[in-house]
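# Observations on the three-dimensional arrangement
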Amino acid sequence: MGVAAMPSGCSIRAIWILNNLDAVVFSRRFPVVEKRWRAACNTASENDQVFSSLPTDSDLADAFVDRKHRDGSAQGFGLRKSQSSPGSDSWVDDPITRHMIGLYINKEEEEHKNLLWPLILHIKGNYSILVLPLVEPKHLKAYARLCKRPDCGSALGLDDGLSSLLLDLPSITGAFMIARAIGDIITGDTVEPEVIVNAGPSVGGLFDSLTGSIGISTRAKPVAPSVASSSPSSASVPGSVTADTPKIGSRPLDKDALRTFISSSMPFGTPLDLNYSNIFTIKVNGFSASDLPPADQKQPAWKPYLYKGKQRMLFTIHEIVHAALYDRDEIPDTISVSGQINCRADLEGLPDVSFPLAGLNTANLEVSSYHPCAQVSDQGLDKQGVMFSPPLGNFALMRYQATCALGPPVKGFYQLSMVSEDKGAFLFKLHLMEGYKAPLTMEFCTVTMPFPRRRIISLDGTPSVGTVSTSEHSVEWKIVTSGRGLTGKSIEVTFPGTVKFAPWQIQRMSSSRSSFGIVDDEDSDNEAENAGNMVNEEHLMEKMNKDLPPVDLEEPFCWQAYNYAKVSFKIVGASVSGIAVDPKTVSIYPAVKAPVEFSTQVTSGDYILWNTLGKCPHVAAVKV
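What this report covers is the structure whose coordinates are included nearby. For clarity, every value in this text was computed on a predicted model and none was experimentally measured.

## Some points on the overall build of the protein
If you tally the helices and strands in the protein, you get 12 helices and 25 strands. Taken across its 624 residues, the protein has 45% of its residues classed as buried. For the protein, long-range pairs separated by at least 24 residues make up 72% of all intrachain contacts whose partners lie at least 6 apart in sequence. Roughly 31100 Å² of accessible area belongs to the protein as shown, and the carbon and sulfur atoms make up 53% of that amount.

As C-alpha cells, this is what we get:
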C-alpha cells in the first residue's frame, strides 16, 4: 500500500536513540507498519528490489559510525565536497541531508539493496534520535539514484531533485515532529508556554493611577497548566501555580516515560497527538463518563478533557529581541523580533473564541504560524480575525517573526582598544528606551563584556549610571536594576574605563602552537623593536590574535579575535513589534462571563554590541 493512500499521511517503521558513544540505548519497531512495507516490497518488480527488513541495533550503530567516517561528521556536510563519495548523502548536494540521512546496512557495496532511507536525524543533548518513516519503494529508489548521479545538485525548476521528491512525502514532516518531541522528553525540555497572570485582583480607578505614578505595580507570576477534572474540587485557582507535568530527564534516559509516550502518542506507528502534557494527563487521570461533550459537538484531539471550574482567559505576548549593533557606516545594524502569543482558556465545554489581532502593519510580519486549532481571516489592512477552539492548559496560539517597530531598546556603541598587551581601554555610550513611552517599562538592563581567553586583574572606571562588578573572565554593568524600572522616559549612559589582564606569558598554554597560529622566534625581536617606540595598536592586536589559544566553542562570538558586549534586558507593558490583543474585543461563543487578561513580556536574545574598533562577523545584505 502506498503512502498516498494512508489517511494520516504518516506512519513510522522504527525509532532509534543513540548516545554520544554511538551505542543504541533505545529502539522501538512497529510491526504493523513494517508489514505494510514488506508487502510493498513484495509487489515491486524484480528490478526494483530494495532493502526490505529492519536492521538490528548493532548493525544500525555500525552503519551510523561508518557514515560519520564517510561524510565527515555526525550531521554530514550536506553539500558535495572533495571528501564526498558517490552514494553518500553529501553527494546529493542538498543541505537537508544534514538532517535526513541514509545508512548502508551490513554490506560493503553501496547500493539501494542495502540502503535504509529516509532516516530523520535530530541531535538533542548527548543523544542522536533517528526516526524512520514509511515511504514507498519507488521513493527509496529515486533517492538512491540521486546519490549516484554525476552532476552536482539540481538546477532550478527540474523535477528530479530532492525537493521535488519530498513534496510527495508528507510522512517526512511528521517524522521531524516526532523526533523533536522525543528529544524534548529525553532532555527534560517539555516545558509548556508561559502565561502571565496578576497575583491579585486589580483595585482599579484611583488606586491604580496612584500606584502606577509612584512605580508600584502588582507583581505577575507565570501559570503552569493544571489538570482539569470532572470534579469541581480540582478546579484551578486564578493566579495559582501548579506543575503537573513530570520532570523528565532527571536521570540519563527515562525509558519508561518514553515507552508510555510512544505507545500513547503513536499507537501502531501512526502519530495521533504529540503533546506530552495531554499524554501524561490521560495516563494519570484516565477518562470520566461525565466528560462527554455535547451531542452536537465533536471533541478535538487537542482537548482530551473538558474543563470544570472558574472560567477565565489569559493572553500573553512574549517577544525576544535579537540585535547586532555595529556602529559602522559600511555595515548596517540588524534587529529582529521573535514572538509568540501564549494563551490559556479555562472555559467549560467546547466554546469558540474569536478576536481581531491588531498591529500587523506596524509589526511588518515576516513569518507567522498558528496552532492547528485556529482559523484566520483578514479583517482589514492592520487587523486579522482569529477564531479558535482552545485546547486544555497553556498553548502557543501564534508564532511570528517581526520588526522592532519602535527601534532598538538599547542602542549606541562599544569600543575596545588594546593600549598594551595586557591593558585595554574601553568606552560605552548607550541610549536606553529612546522613543519608548508609557506603559512600556524596562524592568532591568545589564551589559556584559566577556573575555573568555584573558584573566581580569583589575578594572578602572565609573559608569554614569549603575553599578559594575567583575569576575575572572567578564565585566558586568548593571544599568537598570530590578525594582527601579525605567518608564516613560529615555536615558543616555556612558562608561569609560580600562581593564587590566594577567600577563599573557602566564596564561599561554602549551598548546599555543594551534590552528590560531604558531609562535615564531621572530616575535621576541618584534617586541624588542616596538618597546622603545610608540604603541603600535595594529601590531599588538595582530600579535594577540596570533598567540591566543583556542577558545571553548560555547563562546561562538569570541573565537578568532572577535570581541563584543552582550546586552540583557526585560521590558513589560506592551510589545515592541506593535502586535496587541485587546481584551474588550475577545468574544466567546456560547457567551459566558469569563474575565480576559492580557499581558506582555519582552526579553533580549542575542543582543550584541560589536566592538567598533575590532573585527566583527556579518552577513552581506541583498540589495534590491
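## Regarding the environment of aspartate 382
Within the fold, aspartate 382 resides in the loop between strand E12 (374-378) and strand E13 (383-388). Here aspartate 382 falls in the partly exposed class, since its relative accessible area comes to 30%. It is 9.5 Å that separates the C-alpha atoms of aspartate 382 and alanine 363, two residues lying 19 residues apart in sequence. Apart from residues lying up to four places away in sequence, aspartate 382 is in contact with Leu357, Ala358, Gly359, Leu360, Asn361 and Thr362.

## Some points on the pattern of salt bridges
Under the criterion given, the structure shown has 11 salt bridges. Salt-bridge contacts for glutamate 492 lead to lysine 429; the nearest nitrogen and oxygen are separated by 3.9 Å. Of this pair, glutamate 492 sits in strand E22 (residues 491-501) while lysine 429 sits in strand E16 (residues 423-432), and the two are 63 residues apart along the sequence. According to the relative accessible area criterion, lysine 429 is partly exposed, its value standing at 35%.

## Topic: the sheet that holds strand E24 (residues 587-589)
Here we have 4 strands laid out as an open sheet, ordered E12-E13-E10-E24, and antiparallel in their pairing. Two strands in the sheet have a free side with no partner beyond their single neighbour: E12 and E24. In this sheet, adjacent strand axes meet at a mean angle of 20° when their direction is disregarded. Bridging between strand E10 (residues 352-358) and E13 involves 6 bridges; their strand directions are antiparallel. Paired with proline 356 across the bridge in E13 is glycine 385.

## Here we look at the sheet that holds strand E1 (residues 12-18)
Ordered in space as E2-E1-E5-E4-E3, the 5 strands form an open sheet in which the pairing is antiparallel. The sheet terminates laterally at strand E2 (24-29) and strand E3 (100-104), the two strands that pair on one side only. Each adjacent strand pair in this sheet contributes to an overall mean axis angle of 25°, direction not counted. Across 6 bridges, E1 lies against strand E5 (residues 127-133) in antiparallel orientation. Across the sheet, the residue bridging to isoleucine 12 is proline 133, located in E5.

## Remarks on unusual backbone geometry
Tryptophan 117 connects to proline 118 through a cis peptide bond whose omega is 0°. Looking at where proline 118 falls in the secondary structure, it is placed in strand E4 (residues 115-124). Residues tyrosine 589 and proline 590 are joined by a peptide bond in cis, for which omega reads -5°. Examined against the element boundaries, proline 590 turns out to sit in the loop between E24 and strand E25 (596-610). Notably, aspartate 22 is not glycine yet its phi reads approximately 65°, a positive angle. Within the secondary structure layout, aspartate 22 lies in the loop between E1 and E2. Even without being a glycine, aspartate 327 presents a positive backbone phi close to 55°. Relative to the elements of secondary structure, aspartate 327 occurs in the loop between strand E8 (312-325) and strand E9 (334-346). Given the relative accessible area of 38%, aspartate 327 is considered partly exposed.

## What about the pairing of strand E14 (residues 394-402)?
E14 sits mainly inside the fold: 7 of its 9 residues count as buried. Sheet topology places E9 next to E14; 8 bridges connect them, and they run antiparallel. Bridging across to E14, glutamine 340 finds its partner in arginine 399. For strand E11 (residues 367-370) and E14, the ladder comprises 4 bridges, and the chain directions are antiparallel. Looking at the pairing, valine 367 lines up with glutamine 401 of E14.

## Topic: the state of the cysteines
One pass over the structure, following the stated rule, counts 0 disulfides. Here cysteine 343 is not cross-linked by a disulfide; its sulfur's nearest cysteine counterpart is in cysteine 373, at 8.1 Å.

## A short note on the environment of arginine 312
With respect to the helices and strands, arginine 312 occurs in strand E8. C-alpha separation for the pair arginine 312 and lysine 593, spaced 281 residues apart in sequence, amounts to 8.2 Å.

## With respect to the packing of helix H5 (residues 170-187) against helix H7 (residues 255-265)
For any two helices packed against each other, the geometry comes down to the angle between their axes and how far apart the axes lie. Where H5 meets H7, the axes come as close as 10 Å, and the angle between the chain directions of the two elements is 155°. With respect to H7, the element H5 is oriented roughly antiparallel. For the crossing formed where H5 meets H7, the hand is right-handed. The residues of H7 that touch H5, namely those facing Ala181, Ile182, Ile185 and Ile186, are Leu258, Phe261 and Ile262. The residue inventory of the contact of H5 with H7, partitioned by class, reads 7 nonpolar, no polar and no charged.

## Things to note about the pairing of E13
For a regular strand, side chains alternate in direction, first toward one face of the sheet and then toward the other. Direction of pairing for E12 relative to E13: antiparallel, over a ladder of 5 bridges. Looking at the pairing, serine 377 lines up with glycine 385 of E13.

## Describing the environment of leucine 146
With respect to the helices and strands, the residue leucine 146 is situated in helix H3 (residues 137-146). With 59 residues separating them in the primary sequence, leucine 146 and glycine 87 have C-alpha atoms 8.3 Å apart.

## Considerations on the packing of aromatic side chains
Applying the stated rule across the entire model yields 13 aromatic pairs. For the pair phenylalanine 428 and phenylalanine 495, a centre-to-centre distance of 6.3 Å together with 15° between the ring planes defines the contact as stacked. With a gap of 67 residues between them, phenylalanine 428 in strand E16 and phenylalanine 495 in strand E22 connect regions that are remote in the sequence.

Conventions we followed
The numbering scheme is per chain: residues are counted from 1 as the chain's sequence reads. Predicted model: local features are reported for residues with pLDDT of at least 70 only, side-chain atom pairs are reported and counted for 80 or more only, and whole-chain, interface and lining totals are derived from all residues. For side-chain calculations, the full set of non-hydrogen atoms in the structure is used, while hydrogens and water are omitted. Only runs of H or I of at least four residues qualify as helices and only runs of E of at least two qualify as strands under DSSP, and these elements are numbered from the N terminus. Burial classes follow relative accessibility: with a 1.4 Å probe on protein chains only, a residue under 20% of its type's maximum area counts as buried, one over 50% as exposed, and anything between as partly exposed. Whether two residues touch is decided by their heavy atoms; if any such pair falls within 4.5 Å, the residues are in contact. Method for areas: the Shrake-Rupley scheme with a 1.4 Å probe, in which residue coverage is limited to the protein chains shown. By definition here, a salt bridge exists when the distance from a side-chain nitrogen of Lys or Arg to a carboxyl oxygen of Asp or Glu is within 4 Å. Pairing between strands is defined by DSSP: at least two bridges between them are needed. Fitting a line to C-alpha atoms yields each axis, with helices limited to the stretch in contact; the angle taken between N-to-C directions then spans 0 to 180 degrees. A pair of sulfur atoms, both from cysteines and within 2.5 Å, is called a disulfide here. Note on angle classes: values under 35 degrees are labelled roughly parallel, values over 145 roughly antiparallel, values of 65 to 115 roughly perpendicular, and the remainder oblique. We call a crossing left-handed when the near helix sits turned anticlockwise from the far one by less than a right angle, and right-handed when that turn is clockwise. Three classes are used, and their members are as follows: Ala, Val, Leu, Ile, Met, Phe, Trp, Tyr, Cys and Pro are nonpolar, Asp, Glu, Lys and Arg are charged, and the others, Gly among them, are polar. Within 6.5 Å between ring centres, the rings of Phe, Tyr and Trp (the latter by its six-membered ring) count as paired, and their orientation is classed by plane angle as stacked under 30 degrees, edge-to-face over 60, tilted in between.

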